[in-house]
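# A look at the structure
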Amino acid sequence: IIISVLDSHEIFRRQMRHLSEIIPGDFELIVVDDGSDSPLVYDGPLGFPFQLIYTNDKRPWTNDLARNLASRRARGEYLLMTDIDHILTSKAIENVASFKGDMLMFARRVAELNEHGRICNIGRQLAPHVNTFAVRKSVFEEIGGYGSHYLGYGSDRVIRQKYKTLLARGLVKPVQLGAT
């Protein structure tokens, strides 16, 4: 699981409480501090491998570079990319654990994490968001990861477009939709 964070310390704290309860021991979590003014720190107990790394890049909005850095450090066959303000559920984690395709997207719901990391205020279901997806690591590498020249919003759509190009050439399987 790869999450990049920039100056979202309280959301990070809540996410870590939440994730510590739902991530199985055979998953790993890589959080990239993408240049926060005050560096992120986490020293709580976890039942899975965890890396907290820092980009040390002073340019604004280098989320793409952070995700590329984490993908190179990841040891698993799949990368589950998400944003710090997206909440993964245990069902989504189960979907990834049993997934055998090339890319998995997730339907989503509006919700919040309370101060204890518990999901609350669950709202309506929404269409999948391009920022949260699981992809076979070899496919992500074939796509070329995120472009290092591109900094800003919309790059997840570029990843999807590159994936569609591989799909049209018959090199990957169709995107699947997982339950949340």
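Residues numbered from 1 in each chain as written. Predicted model: local features only at pLDDT ≥ 70, side-chain atom pairs only at ≥ 80, totals over all residues. Heavy atoms only, no water.

## Things to note about the environment of Tyr 146
We count it as follows: Helix and strand definitions here come from DSSP, where helices need a minimum of 4 consecutive H or I residues and strands a minimum of 2 consecutive E residues; each element is numbered from the N-terminal end. What makes two residues a contact is simply this: any of their non-hydrogen atoms within 4.5 Å. Polar contacts, as used here, are pairs of N or O atoms within 3.5 Å; protein pairs need one atom able to donate a hydrogen and one able to accept it. Residues neighboring in sequence count only if both atoms are side-chain atoms.
Within the fold, Tyr 146 resides in the loop between helix H4 (137–143) and helix H5 (155–168). Along the sequence, Tyr 146 and Asn 63 sit 83 residues apart, while their C-alpha atoms lie 9.3 Å from each other. If sequence neighbours within four positions are ignored, Tyr 146 has contacts with Asp 64, Arg 67, Asn 68, Met 81, Phe 133, Phe 140, Ser 155, Asp 156 and Ile 159. A distance of 2.7 Å separates polar atoms of two side chains, one belonging to Tyr 146 and the other to Arg 67.

## Details of the environment of Gly 44
Applicable threshold: Exposed residues in this analysis have more than 50% of their type's maximum accessible area, buried residues have under 20%, and partly exposed residues fall in between, with area computed by a 1.4 Å probe over protein chains only.
By the secondary structure assignment, Gly 44 is in the loop between strand E2 (29–33) and strand E3 (50–54). Relative accessible area serves as the criterion here: at 27%, Gly 44 is assigned to the partly exposed category. Along the chain, Gly 44 and Met 16 lie 28 residues apart, while their C-alpha atoms are 8.5 Å from each other.

## Here's the deal with the nonpolar core
To keep things clear, this is the line we draw: Remark: nonpolar core denotes a set of buried residues (Ala, Val, Leu, Ile, Met, Phe, Trp, Tyr, Cys) joined through side-chain atoms within 4.5 Å.
Core analysis: the biggest nonpolar cluster contains 25 residues, and Ile 1, Ile 23, Leu 29, Val 31 and Leu 80 have the highest contact counts within it. When residues of this core are traced back to their parent elements, those giving at least two are strand E1 (2–5), helix H1 (9–22), E2, strand E4 (78–83), helix H3 (90–98) and strand E5 (103–106). Of the residues forming this core, the biggest block, 4 residues, is contributed by H1. With residues up to four places along the chain from it excluded, the contact list for Leu 80 reads Ile 1, Ile 2, Leu 88, Ile 93, Val 96, Phe 106, Phe 133 and Ala 134. Listed in part, the 22 residues of the second largest apolar core include Ile 30, Ile 53, Ala 74 and Met 81.

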